[in-house]
Amino acid sequence: VALVIAGWNVGWNESQAPGPGRRLGVGFVWGLATLARPETSLLVVLYAASSFVWPDGALGGAPLRARVRALGAVLIGAAIVLAPYALYAFSLYGSLLPSTLAAKGSGAHGFAVLIDQLWLAAKVAGAVCAIEILACVVLLPRFRHLFRHGDAALHAAIWSWIVLLPLAYAVRALPILSRYLLPTLPFIVLY
């Protein structure tokens, strides 16, 4: 949780457009967070993709060169941390992913399981920050300000992650525990 919030702090600056150095820093810190919780890699990928779409942080078009530079900065930042670990893990275990990741799935799949898992995720998040979630829903139109004055890529990545992480758990039929959603909850409170 601390590393995810630290990455947000590195990326957040309302008064200045994000440059490759800041994007590299966010990628680096969220790469460290990925070592603690592998699902944070989804946040890195989302931030890299949204940085490609909004390389200068603002809504609107940008040249391809700037897009590729922003995408590369995030991925290089994460790779600085993740590549050495991946080499180490593969040399030691013969796999890049922890074996416990595959063992946690229930094996049950289907639409009913997906809905049950998403409902469980909603109950977990609601038990911790129901008031903040309600405030985010009510104040949703005000979030336009964040996309106009700040790094639209950062905000898009975070909000996509908040939605897609429980969905990824549900699709894999993983039992959703509060600790799995914990890294996303501070963002709901912050926003």
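Residues numbered from 1 in each chain as written. Predicted model: local features only at pLDDT ≥ 70, side-chain atom pairs only at ≥ 80, totals over all residues. Heavy atoms only, no water.

Novice: Mind showing me how you'd approach the overall build of the protein here?
Specialist: A count of helices and strands for the protein gives ten helices and zero strands. Moving toward the C terminus, one meets the helices and strands of the protein in the order α-α-α-α-α-α-α-α-α-α. Classification of the 191 residues of the protein by burial places 38% in the buried group. For the protein, restricting intrachain contacts to residue pairs at least 6 apart in sequence, the fraction spanning at least 24 positions comes to 71%. (Helix = DSSP H or I, 4+ residues; strand = E, 2+ residues; numbered from the N terminus. Buried < 20%, exposed > 50% of the residue type's maximum accessible area, 1.4 Å probe, protein only. Contact = heavy atoms within 4.5 Å.)

Novice: How should helix 1 (residues 2-11) be read in this particular structure?
Specialist: Count 3.6 residues to each turn of an α-helix, and residues three or four apart come out pointing the same way. Considered for burial, the residues of helix 1 that qualify are Val4, Gly7, Trp8 and Gly11. Within helix 1, the buried residues cover an arc of 100° as seen down the axis, which keeps them to one side. (Arc of directions from axis to C-beta.)

Novice: Can you walk me through helix 8 (residues 152-171) in this structure?
Specialist: A rise of 1.5 Å per residue sets the reference length of helix 8, with its 20 residues, at 28 Å; its end C-alpha atoms lie 28 Å apart and thus fit the reference within 8%. At Ile162, helix 8 shows its largest bend, some 30°, and a proline, Pro166, comes one to four positions later. Taken from the residues just after helix 8, Ala173 is the one with a positive phi, measuring 60°. (Expected span 1.5 Å × (residues − 1). Bend = angle between axes of the 7 residues up to and from the residue.)

Novice: What should I look at first to understand the packing of helix 3 (residues 40-53) against helix 4 (residues 64-93) in this one?
Specialist: A pair of packed helices is captured by two measures, namely the crossing angle of their axes and the spacing between those axes. Between helix 3 and helix 4, the shortest axis-to-axis distance is 7 Å and the interhelical angle comes to 165°. Considered as vectors, helix 3 and helix 4 are oriented roughly antiparallel to each other. Considering the relative orientation of helix 3 and helix 4, their crossing is right-handed. Two secondary-structure elements touch here, helix 3 through Val44, Tyr47, Ala48, Ala49, Ser51, Phe52 and Val53 and helix 4 through Leu64, Arg67, Val68, Ala70, Leu71, Val74, Leu75 and Ala78. (Axes fitted to C-alpha atoms, helices over the stretch in contact; angles between N-to-C directions. Parallel < 35°, antiparallel > 145°, perpendicular 65-115°, else oblique. Left-handed = near helix turned anticlockwise from the far one by under 90°.)

Novice: What is the right way to read the confidence of the model for the protein from this model?
Specialist: Reading fine detail from the predicted coordinates is not recommended where pLDDT is low. The predicted model of the protein has a mean per-residue pLDDT of 84, with 90% of residues at 70 or higher. Element-level pLDDT for the protein is lowest in helix 5 (residues 99-103), with a mean of 57, against a maximum mean of 95 in helix 3. (pLDDT = per-residue confidence, 0-100.)

Novice: Would you explain the environment of Ser91 in this entry?
Specialist: For Ser91, the position within the fold is in helix 4. In this structure the side chain of Ser91 is engaged in a polar contact, spanning 2.8 Å, whose partner is the backbone oxygen of Tyr88. (Polar contact = N/O pair within 3.5 Å; in protein donor to acceptor, adjacent residues only side chain to side chain.)

Novice: Would you mind going over the nonpolar core with me for this structure?
Specialist: Membership of the largest hydrophobic core comes to 39 residues, with the highest contact counts inside it found for Trp30, Tyr47, Ile158, Phe187 and Tyr191. Among the elements of the structure, helix 1, helix 2 (20-36), helix 3, helix 4, helix 6 (111-138), helix 8, helix 9 (178-181) and helix 10 (185-190) are those that each provide at least two residues to this core. With ten residues, the single largest contributor to this core is helix 8. In contact with Trp30, other than residues within four places in its own chain, are Leu3, Val4, Gly7, Trp8, Thr40, Leu43, Val44, Tyr47, Leu154 and Ile158. (Core = buried A, V, L, I, M, F, W, Y, C linked by side-chain atoms within 4.5 Å.)

Novice: Just checking my understanding: could you explain the packing of helix 6 against helix 8 for this structure?
Specialist: At a minimum axis separation of 8 Å, helix 6 and helix 8 run at an interaxial angle of 155°. With respect to helix 8, the axis of helix 6 lies roughly antiparallel. Here helix 6 and helix 8 pass one another in a crossing that is right-handed. Packed against helix 6, whose contacting residues are Leu114, Gln117, Leu118, Ala121 and Cys136, the element helix 8 presents Trp159, Pro166, Leu167, Ala170 and Val171 at the interface. In terms of residue class, the contact of helix 6 with helix 8 is made up of nine nonpolar, one polar and no charged. (Nonpolar A, V, L, I, M, F, W, Y, C, P; charged D, E, K, R; others polar.)

Novice: Looking at this model, I keep getting lost on the packing of aromatic side chains. Mind explaining?
Specialist: Scanning the model with the defined rule gives seven aromatic pairs in all. On the basis of an interplanar angle of 75° and a centroid distance of 6.4 Å, the ring pair of Trp8 and Tyr191 is categorised as edge-to-face. Pair noted here: Trp8 is in helix 1 and Tyr191 is in the segment after helix 10, with a separation of 183 residues, a long-range link. For the pair formed by Trp8 and Tyr191, the shared burial category is buried. (Phe/Tyr/Trp six-rings, centres within 6.5 Å; stacked < 30°, edge-to-face > 60°.)

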